[in-house]
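Next come the chains, spelled out residue by residue.
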Amino acid sequence: MPATYGYSNGSGSYFIAIDTEKCNGCGDCVAACPANVFEVVDEDPNDPFREDPLVIVRQDKNNKVKYECNPCKPLSDERPLPCVQACKAGAISHSW
Amino acid sequence: MAAEKREFWRWEETNWVSPDVTWQEAEFITVGVDVGSVSSQAVIMADGQFYAYGNMRTGSDSPTSAQDALNFALEKTDLRPDRFNFCIGTGYGRVNVPMADRSVTEIACHAKGANFMYGPTVRTVLDVGGQDIKAIRCDDKGKVTNFLMNDKCAAGTGRGMEVFADLLGVPIGEVGDRSFMINGEPKPVSSTCVVYAKSEATGLLRQGWATNEVLAAYCAAMAERIYSILERVGVEPDFAVTGGMAKNRGVIDRLKKLIGIEPLKPQWDTQLAGAAGAALFGLALCRKGKGRKG
Amino acid sequence: MITAGVDCGAKNTKTVIIKDGKIVAKAGVPTGFDRKEAVEASLGKALEAAGSTRNQLDHIGSTGSGSKSVEEADVRVNEIKAMAAAAHYFFPNAGTVTDVGAEEARAAKMSETGGVEDFAINEKCAAGAGAFIEAMARALETPLQELGPMALTSDKAIPMNAQCAIFAESEVVGLIHANAAKPDISNAIHTAMAGRIVSMVRRIGVNPDIVMIGGVANNPGFVEAFRKELAVDRIYIPEDPEFGAAVGAAVVAAQDGK
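Not measured: the values here are computed from a predicted model.

Within chain C, the secondary structure is distributed over 8 helices and 10 strands. Scaling as 2.2 N^0.38, a compact globule of 258 residues should have a C-alpha radius of gyration of about 18 Å, and chain C matches this with 18 Å. Long-range pairs, those at least 24 residues apart, make up 64% of the contacts in chain C with a sequence separation of at least 6. For chain C, the accessible area works out to roughly 10700 Å², and carbon and sulfur atoms hold 48% of it. If the 25 positive side-chain charges of chain C are averaged to one point and the 33 negative ones to another, these points end up 2 Å apart.

Glancing now at the domain arrangement of chain C. All names here are of chain C. According to the domain assignment, chain C contains domain 1 (1-91 + 239-258) and domain 2 (93-237). One C-alpha centre belongs to domain 1, the other to domain 2; they are set 25 Å apart. Between domain 1 and domain 2, the residue contacts involve 15 residues of the former and 27 residues of the latter. Both sides together, the interface formed by domain 1 and domain 2 hides about 1700 Å², and carbon and sulfur atoms give 75% of it. One can count 1 salt bridge joining domain 1 with domain 2. Residue lysine 11 is joined to glutamate 134 by a salt bridge in which the shortest nitrogen-to-oxygen separation is 3.4 Å.

With that out of the way, let us pick up the confidence of the model for chain B. In this model, chain B carries an average pLDDT of 90, and 96% of its residues clear a pLDDT of 70 or more. In this model residues 1-9 of chain B is a low-confidence stretch, pLDDT under 50, and it forms 18 contacts with partners more than four residues away in sequence or in other chains.

Under the criterion given, the structure shown has 32 salt bridges over all chains. Between arginine 58 of chain A and aspartate 60 of chain A there is a salt bridge; the shortest N-O distance is 3.3 Å. Residue arginine 58 of chain A is classed as partly exposed on the basis of its relative accessible area of 24%. What makes aspartate 60 of chain A partly exposed here is its relative accessible area of 40%. Across the pair lysine 256 of chain B and aspartate 253 of chain B runs a salt bridge, and its minimum N-O distance is 3.5 Å. Separated by 3 residues within a single helix, lysine 256 of chain B and aspartate 253 of chain B lie in helix H7 (residues 249-259), roughly one turn from each other. Salt bridges sharing partners connect three or more residues here, namely Asp177, Arg249, Asp253, Lys256, Glu262 and Lys265 of chain B.

Right, let's talk about helix H6 (residues 211-233) of chain B for a bit. With 23 residues, H6 of chain B should reach 33 Å at 1.5 Å per residue; the first-to-last C-alpha distance of 34 Å fits that figure. Looking one or two residues beyond H6 of chain B, the residue adopting positive phi is glycine 234 of chain B, at roughly 85°.

Moving on to a nonpolar patch on the surface. Taken together, the side chains of Val116, Phe119 and Ile121 of chain C present a nonpolar region at the surface, about 240 Å² in accessible area. On the basis of relative accessible area, valine 116 of chain C is assigned to the partly exposed category, the value being 36%.

Moving on, we come to the interface of chain A and chain C. The partner chain C presents 16 residues to the 12 residues of chain A that form the contact. Carbon and sulfur atoms supply 50% of the area that chain A and chain C bury against each other, a total of about 1200 Å² over both sides. The largest contributions to the chain A side of the interface with chain C come from Tyr67, Asn70 and Leu75 of chain A, which together make up 48% of the buried area. Put simply, chain A and chain C have 0 salt bridges between them. Our count for the chain A to chain C interface comes out at 5 residue pairs in polar contact (both at pLDDT 80 or more). Of the residues belonging to the side of chain A that touches chain C, the class tally is 3 nonpolar, 6 polar and 3 charged.

The next point concerns the sheet that holds strand S7 (residues 124-128) of chain B. By way of backbone hydrogen bonds, the strands of a sheet pair with one another, either parallel or antiparallel. All names here are of chain B. Across the sheet, which stays open at both edges, the 4 strands sit in the order S9-S8-S7-S10 with mixed pairing between neighbours. Both outer strands of the open sheet, strand S9 (144-150) and strand S10 (239-242), are each paired with one neighbouring strand and no more. When the angles between neighbouring strand axes are averaged without regard to direction, this sheet yields 15°.

The rules behind each value
Residues numbered from 1 in each chain as written. Chains lettered and ligands numbered in written order. Predicted model: local features only at pLDDT ≥ 70, side-chain atom pairs only at ≥ 80, totals over all residues. Heavy atoms only, no water. Helix = DSSP H or I, 4+ residues; strand = E, 2+ residues; numbered from the N terminus. Rg over C-alpha atoms; globule rule 2.2 N^0.38 Å. Contact = heavy atoms within 4.5 Å. Areas by Shrake-Rupley, 256 points an atom, 1.4 Å probe, with all protein chains shown as cover. Lys, Arg positive; Asp, Glu negative; His and termini not counted. Charge placed at Lys NZ, Arg CZ, Asp CG, Glu CD. Domains from an automatic or database assignment. Buried area = accessible area lost by both parts, 1.4 Å probe. Salt bridge = Lys/Arg side-chain N within 4 Å of Asp/Glu carboxyl O. pLDDT = per-residue confidence, 0-100. Buried < 20%, exposed > 50% of the residue type's maximum accessible area, 1.4 Å probe, protein only. Expected span 1.5 Å × (residues − 1). Patch = residues over 30% accessible without salt bridge, like charges linked within 9 Å, V, L, I, M, F, W, Y side chains within 5 Å. Polar contact = N/O pair within 3.5 Å; in protein donor to acceptor, adjacent residues only side chain to side chain. Nonpolar A, V, L, I, M, F, W, Y, C, P; charged D, E, K, R; others polar. Pairing = 2+ DSSP bridges. Axes fitted to C-alpha atoms, helices over the stretch in contact; angles between N-to-C directions.

Okay, here's the thing in structure tokens:
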């Protein structure tokens, strides 16, 4: 399932999706993210029956991902995002 | 003429006990407590059937609201908390539900609850609460397959509607009906942001628009906003609307036109979906042998 | 050469007259609901102050969200270009300029000659514009002009969770009920808002000198929070920063007018 975090407002859409089928909870993205947006949890808050660890977007970051992620998105120099690059499973994607 | 008391946010707090279910015969008593930003519910189920519930306004803090809602649900019963086999907290205050064995997000609980309350044909669940919009897709078991939650921006939420009702001096419960007491349908307010929509509305009033026309223009903008969130997860029938906004036809009737699908008619109070889902998850975990020992 | 720059903004309409590279007059009026009327009024007032007539104007540059209402303008200057031209006019060493107005905020990275290399805009959401601070002033029941200076008297960091101005209003009311001191709440408001503008500036790069224009630059509480968040020694602000975009429009009109 694509677990989608973030929000949209008048200025645009700012979503981070983590594919829960692909994510194995390894936490490489947690280490790669300079803004501490991710965390590994033992229980999937959206699926009580899942037994394996999983990465989620921290609740305190969820409503400001637009701002938290800005440093990794310089306008003049488009480069791969550290979280997306760190995820070997290819589970993370950004909508903007 | 007596003023009718229909204020949306001033709904009656209710509790209910099933006349048909005897908890003593149940194998598992499971409880779901949904602490939202505006309202809190506790649902008690006996082997997956509604046994009792309490629905009240959220108080000053989550632990107290959870306890109050549960006490309210238990009020007319002889059931005691030590008989509970599992309790799950959900909603905005879910991590602060003291009697809960674990917490589950309102996303998962609303899908599960809608599957139970509206039937297994539900594939899309929309929940518009006081501070958020949730668009959820689920399968025939009520398992979430895709979701989107918008809780950062007031546009399209109950709070946004409340701000507008205040601005226009219209009791919130009258918004829906009054928004249709107009000739034709005005263009929706163009600003998404509630702050900017407020200035836009003030401008429209100065241009001579009637209050009901401005209400209609805002309800239409809310419907568009909610639709844009629903579109991201895709709408597949059957479609169920839970939460407080389900009762505002000014928004829901306009939303219906946009998506072209009639929402299912609720059998239960639309506000119970989250707590009901939580109680059902509790039951499923009990059946997996993860319930309280006792 | 005499040019006028008219900035028809969401809240105020401002006109600046520039004669041979020098600002000779400024006039602003509330935009209200009739933009054309506001444009007429501010242009008329500015001309009067400059002792000039409309016929003496070589060019009129227009900018701002209501720039279409400046019917007499022969040079339409986009907001980003106007902002960069103004920054370069006042501070030739400007490397980054930000314009925080009532309903929009913008930032641009500039070349040494004042050209725009990159820019970012925050629009259609009050969380990143002057409207946020205005809404908070109402929630705090404090006049807007007092809110910024009040913030400077506090060094306490109260975190604010809400981003949306509507939710932040409730949070502020909650803080008042929890007996938080008004200066501390004001500090929290400005820090939160500055954080959002800084994150926008960071996207295009922080190149000293940092120039700020727009009405919010008059708010010392915001400017200080912005400076701290950016970790720079100084934010360069021209006199009457709310006229910045109008100055830029007049400057560009002089360069580009034919």
